[in-house]
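# Summary of structural features
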Amino acid sequence: GSWAQESGRPKRKRRRRSDRRRAGQGDGQAQSSGVPSETAESEAAKKIRALEDLEKACTDIMLPLIPVVDEDDPRVVLLRGKKVRLHMHTEYDIQRKSYLKADPKAKLLVVAKRQGLHRLTLNPVHTPYFILASPSIYSDSKVQDCIKPYLDTKAPVQLYVAEDETLTKIRGFRRSAENRLFIYSKLGVKPETELSPPILVLCDVMNSCNLGAIARTALNLGITSILLTTTSFGTLNDTALRTSTYALLECSIAVTNDLVSSVKRLRERGIATYCGENAKAGAVQPISPARNSRWALVVGNEMEGVPSKVINAVENLVTIPQSGGDSFGV
C-alpha cells in the first residue's frame, strides 16, 4: 500500500504533517544541543578577521573610532535605509524615540558626504549625534578637522567605522568611495524673530525635491533665512537635504503654525513683505530689485499657490511676467 504504479514508476507516499513537524523539532533540538554548527563557527571567524582587518586599516587614524563589522549592529540602526531595516524596525523606533524625548518636534535627519559634514559645521545650531564612515574617509585631514570640535563637548560625537561592504549593507545602496560618510543629526530651528532679512517664506510646499531645490537656489542668491509653515517643515527630510546639496544646513530655519500672524510680525519689524503669485491671483506688479535687503518673499503650494488670507496680509503682490505656469515660484 506504500507504493503506487499508476505512472509506471514508483511514487513515495507523502509524509504526514505530524511526522514532518516531529522531524523539524528533532532538527531544532540537534541545533540547540550546545554544539556550534560549522556555519556559526565560520561566521564568527569571518567577523574576527573583519575586525582585525578594520583595526589594521585604522592604525594611523588619530580618532577614537568604534569598529562595526556587523550590518545588524544596533548602534547604527538609525542609519539603515527603509528597505533594509524592516527586520530591525522595533529597535529603530525605540532609539529614534529616545532622541525625541527632550524635543518631540525635533527633526532628525541623515547628513551624508564630505560636503554635508562641512556645511553642518558652518551652523552651530545643528547637533550631530554619531558618525559612520569608512577608514579612508576618517584618514582625510579635512574630515578630521571638521570632526574634532565635536569631540570636545560634554556629549562627544560617537565615531563608528566600517568597511565598504558593511556600509553598503547598512544603507542599502552603494556609495562611491569619497562619499561613504553618514551623520545622524538633529536639525536646529530658530525662533522666527532671529531670522535676518532677506527671508524666504515657504507656504505649504508639499514636495521634498522642490523644497531642496528652492533652498539651494536661495543660498546661491544670498538668502540664508527661511521661514516654513508646519506643512513645509514636514516636507523637510533626507531627500530635501540631498536635493539642496546640503545648503539647507547653512540656512537659519524657523517654523510657524500661523503664517498670517508671522507676516504681520515681519511688517512690525520694518521688513517689506511680498507675495509671489501669477495674474490669476491678482498679481500684476512685475517684481523688481529691492532697494535694500529688508524684505521677505512668500511663495506657495505647488498646486494651490498662496492662500488668500496670506495674500491679504502682505504689502505687495508681485509676479514675473510669463506666458504660462501655475504659480510664481513653486
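Residues numbered from 1 in each chain as written. Predicted model: local features only at pLDDT ≥ 70, side-chain atom pairs only at ≥ 80, totals over all residues. Heavy atoms only, no water.

What follows is about the overall build of the chain. What the chain contains, in helices and strands, is 12 helices and 14 strands. Expressed as a percentage of its 330 residues, the buried residues of the chain come to 41%. Intrachain contacts of the chain at a sequence separation of at least 6 include 78% that bridge at least 24 residues. (Helix = DSSP H or I, 4+ residues; strand = E, 2+ residues; numbered from the N terminus. Buried < 20%, exposed > 50% of the residue type's maximum accessible area, 1.4 Å probe, protein only. Contact = heavy atoms within 4.5 Å.)

Glancing now at the environment of V263. Take V263: it is sitting in helix α11 (residues 259-268). Under the relative-accessibility criterion, V263 is labelled buried at 1%. When near neighbours in sequence (up to four residues on either side) are disregarded, V263 contacts T273, A313 and V314.

To continue, consider the layout of surface pockets. By volume, the largest pocket amounts to about 530 Å³. Taken together, 22 residues make up the lining of the largest pocket; nearest its centre are R80, G81, K82, R85 and D238. Counting only elements with at least two residues in the lining of the largest pocket, the list comes to α3 (89-100), β4 (107-112) and α10 (238-243). For the lining of the largest pocket, the element with the highest residue contribution is β4, accounting for 4 residues. Residue composition of the lining of the largest pocket, by class: 9 nonpolar, 4 polar and 9 charged. (1 Å grid on protein atoms, 1.4 Å probe; cavity = no way out; pocket = protein on both sides within 12 Å on 5 of 7 lines; lining within 4 Å. Points joined across faces, edges and corners; volume = space filled by probe spheres on them. Nonpolar A, V, L, I, M, F, W, Y, C, P; charged D, E, K, R; others polar.)

For the structure on display, the rule yields 4 aromatic pairs. When the ring of Y99 is compared with that of Y184, the centres are 5.7 Å apart and the planes differ by 55°; the resulting orientation is tilted. In this pair, Y99 is assigned in helix α3 and Y184 in strand β7 (residues 181-187), connecting sequence segments 85 residues apart. On the accessibility criterion, Y184 (1% relative accessible area) is buried. (Phe/Tyr/Trp six-rings, centres within 6.5 Å; stacked < 30°, edge-to-face > 60°.)

Looking now at the confidence of the model for the chain. Overall, the predicted model of the chain reaches an average pLDDT of 86, with 82% of residues at or above 70. Mean pLDDT values over the elements of the chain span from 44, in strand β1 (residues 3-4), up to 98, in strand β9 (residues 225-229). Here residues 1-7 is a poorly scored stretch, pLDDT under 50, and it has 8 contacts once near neighbours within four places are set aside; other chains count. Every residue in residues 26-32 is under pLDDT 50, and counting partners more than four places away or in other chains gives 0 contacts. (pLDDT = per-residue confidence, 0-100.)

Take the pattern of salt bridges next. For the structure shown, the criterion picks out 8 salt bridges. Residue D72 is joined to R80 by a salt bridge in which the shortest nitrogen-to-oxygen separation is 3.3 Å. The partly exposed category is assigned to D72, whose relative accessible area is 30%. The class of R80 is buried, set by a relative accessible area of 5%. The salt bridge partner of E165 is K169, with a shortest N-O separation of 3.4 Å. Highlighted residues: E165 and K169, both in helix α7 (residues 164-171), separated by 4 residues, approximately one helical turn. (Salt bridge = Lys/Arg side-chain N within 4 Å of Asp/Glu carboxyl O.)

Let us now look at the state of the cysteines. Within the structure shown, the criterion is met by 0 disulfides. C203 takes part in no disulfide bond, and the closest cysteine sulfur to it belongs to C275, at a distance of 8.2 Å. (Disulfide = S-S within 2.5 Å.)

Together, E52, D53, E55 and E163 make up a region of like negative charge exposed at the surface. Within the secondary structure, D53 sits in helix α2 (residues 38-57). Judged by its relative accessible area of 45%, D53 falls in the partly exposed class. (Patch = residues over 30% accessible without salt bridge, like charges linked within 9 Å, V, L, I, M, F, W, Y side chains within 5 Å. Areas by Shrake-Rupley, 256 points an atom, 1.4 Å probe, with all protein chains shown as cover. Lys, Arg positive; Asp, Glu negative; His and termini not counted. Charge placed at Lys NZ, Arg CZ, Asp CG, Glu CD.)

Glancing now at the sheet that holds strand β5 (residues 127-133). Adjacent strands of a sheet form backbone hydrogen bonds with each other and so pair up, either parallel or antiparallel. Across the sheet, which stays open at both edges, the 5 strands sit in the order β3-β6-β5-β7-β4 with mixed pairing between neighbours. In this open sheet, the two edge strands, each paired with only one partner strand, are β3 (65-67) and β4. For this sheet the average axis-to-axis angle between neighbouring strands, irrespective of direction, equals 25°. For β3 and strand β6 (residues 158-161), the ladder comprises 3 bridges, and the chain directions are parallel. (Pairing = 2+ DSSP bridges. Axes fitted to C-alpha atoms, helices over the stretch in contact; angles between N-to-C directions.)

The next thing to look at is helix α8 (residues 208-220). Its 13 residues give α8 an end-to-end C-alpha distance of 19 Å, which sits within 8% of 18 Å, the value for a rise of 1.5 Å per residue. Listed as buried for α8 are S208, L211, G212, I214, A215, A218 and L219. Taken around the axis of α8, the buried residues stretch over an arc of 165°, which confines them to a single face. Along its buried surface, α8 packs onto α4 (113-121), β8 (199-202), β9, α9 (230-235) and α10. (Expected span 1.5 Å × (residues − 1). Arc of directions from axis to C-beta.)

Moving on, we get to unusual backbone geometry. Omega for the peptide link from P197 to P198 comes to 5°, which places this bond in the cis form. Checked against the element boundaries, P198 lands in the loop between β7 and β8.

The next thing to look at is the pairing of strand β10 (residues 252-256). The buried fraction of β10 is high, at 4 of 5 residues. One ladder, built from 5 bridges, connects β9 with β10; its direction is parallel. Paired with T229 across the strands is T256, a residue of β10.

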